[in-house]
Amino acid sequence: MTIATTEHESAGHHEEHPDLRVWGLLTFLVSESLMFGGFFATYLFFRSTTAVWPPEGTEVELFVPTINTIILVSSSFVIHFGDTAIKKNNVKGMQLWYTITAIMGAIFLIGQAYEYATLGYGLTTNVFANCFYLMTGFHGLHVFVGLLLILAVLWRSRIPGLYTAKNHTFIEMAEIYWHFVDIIWIVLFTLVYILTLF
């Protein structure tokens, strides 16, 4: 994956420099990382200071989240295929891979909704449940935003010539955002689901 660049030509002057839209996105993602970092630190603090974690009656179910994890992590590879396709001027290929990614993202959100509906405890049940819903819900919101970005890419790709091998910044930004969502989920899944078993 490469950081997109823009070109400026005037009076015979040619200059290539980093696309500030991409750097803006990266700055935003750093700030979001700090926010998730705060959630994770709070969760670990409560975990280390609570005698029984998670408290009785708020155990986590692994089956659906594990399937969701496989789907979300796999979608990172799928969306990268789309980015690779557009860099070869293959708009149809990009549309195919981004459509599959959108479907995988939607399945993830449906799986999360199903998990919420079948857990048997709510946001205010105890401190574990509060942390669980805040972190997974906030991440789910980011998945939803990423899904909207992917759908926006697909909608705009209907315009002939809009996306090419030299003009694909928005596609690359959607991919970067989606990779961020996946990385955060891997950390969250490890902390909330895997480590809870030990």
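All figures in this text were calculated on a predicted structure; none of them were measured in a lab.

**A short note on the UniProt feature "transmembrane region" (unreviewed entry) in the protein chain**
Residues annotated in UniProt with the feature "transmembrane region" (unreviewed entry) correspond here to residues 22–46, 62–82, 94–114, 134–155 and 176–195. In the segment residues 22–46, helix accounts for 100% and strand for 0%; the C-alpha atoms at its two ends are 36 Å apart.

**Examining unusual backbone geometry**
For the bond running from Trp 53 to Pro 54, omega is -5°, close enough to zero to count as cis. Its location among the elements puts Pro 54 in the loop between helix H1 (20–49) and helix H2 (63–86). Phi at Asn 89 is positive, roughly 65°, even though this residue is not glycine. By relative accessible area, which is 49% here, Asn 89 ends up partly exposed.

**Quick word on the packing of helix H4 (residues 127–156) against helix H5 (residues 169–194)**
The interhelical angle for the contact between H4 and H5, taken along N-to-C directions, is 160°, at an axis separation of 10 Å. Here H4 is positioned roughly antiparallel relative to H5, judged by the angle of their axes. In this structure, the crossing between H4 and H5 has a hand that is left-handed. Split into classes, the residues belonging to the contact of H4 with H5 amount to 21 nonpolar, four polar and one charged.

**Here we look at H5**
Because the α-helix completes a turn every 3.6 residues, residues three or four places apart line up on one side. Taking 1.5 Å per residue as the helical rise, H5 with its 26 residues ought to reach 38 Å, and the 36 Å between its terminal C-alpha atoms agrees with that figure. Burial within H5 is extensive, with 20 of its 26 residues counted as buried.

**Quick notes on the environment of Leu 154**
Tracing the backbone shows Leu 154 in helix H4. Once residues within four sequence positions are removed from consideration, Leu 154 is found in contact with Gln 95, Tyr 98 and Thr 99.

**With respect to the environment of Gly 122**
Tracing the backbone shows Gly 122 in the loop between helix H3 (91–118) and H4. A sequence separation of 89 residues divides Gly 122 from Ser 33, and the C-alpha atoms of the two residues are 26 Å apart. Each residue touching Gly 122, except ones within four places of it in the same chain, is listed here: Ala 129 and Tyr 133.

**What about the packing of aromatic side chains?**
Within this structure, the stated rule accounts for 22 aromatic pairs. With 5.5 Å between their ring centres and 65° between their planes, Phe 39 and Phe 138 make a pair best called edge-to-face. Highlighted residues: Phe 39 in helix H1 and Phe 138 in helix H4, separated in sequence by 99 residues. The exposure class of Phe 39 is partly exposed, given its relative accessible area of 24%. Here Phe 132 and Tyr 193 contribute two aromatic rings whose centre-to-centre distance is 5.9 Å and whose plane-to-plane angle is 75°, an arrangement assigned as edge-to-face. Separated by 61 residues along the polypeptide, Phe 132 in helix H4 and Tyr 193 in helix H5 bring together distant segments of the chain. On the basis of relative accessible area, Tyr 193 is assigned to the buried category, the value being 0%.

**Some thoughts on the nonpolar core**
Tyr 43, Met 94, Tyr 98, Phe 132, Val 192 and Tyr 193 are the most contacted members of the largest nonpolar core, which has 47 residues in total. Sorting the residues of this core by element identifies H1, H2, H3, H4 and H5 as the ones contributing at least two each. Element by element, the count of residues in this core is highest for H5, at 15 residues. Leaving out residues up to four positions away in the same chain, Phe 132 has contacts with Val 60, Glu 115, Tyr 116, Leu 119, Gly 137, Val 192 and Tyr 193.

Parameters and conventions
- Residues numbered from 1 in each chain as written.
- Predicted model: local features only at pLDDT ≥ 70, side-chain atom pairs only at ≥ 80, totals over all residues.
- Heavy atoms only, no water.
- UniProt positions renumbered as here; feature names shortened; annotations may be inferred.
- Helix = DSSP H or I, 4+ residues; strand = E, 2+ residues; numbered from the N terminus.
- Buried < 20%, exposed > 50% of the residue type's maximum accessible area, 1.4 Å probe, protein only.
- Axes fitted to C-alpha atoms, helices over the stretch in contact; angles between N-to-C directions.
- Parallel < 35°, antiparallel > 145°, perpendicular 65-115°, else oblique.
- Left-handed = near helix turned anticlockwise from the far one by under 90°.
- Nonpolar A, V, L, I, M, F, W, Y, C, P; charged D, E, K, R; others polar.
- Expected span 1.5 Å × (residues − 1).
- Contact = heavy atoms within 4.5 Å.
- Phe/Tyr/Trp six-rings, centres within 6.5 Å; stacked < 30°, edge-to-face > 60°.
- Core = buried A, V, L, I, M, F, W, Y, C linked by side-chain atoms within 4.5 Å.

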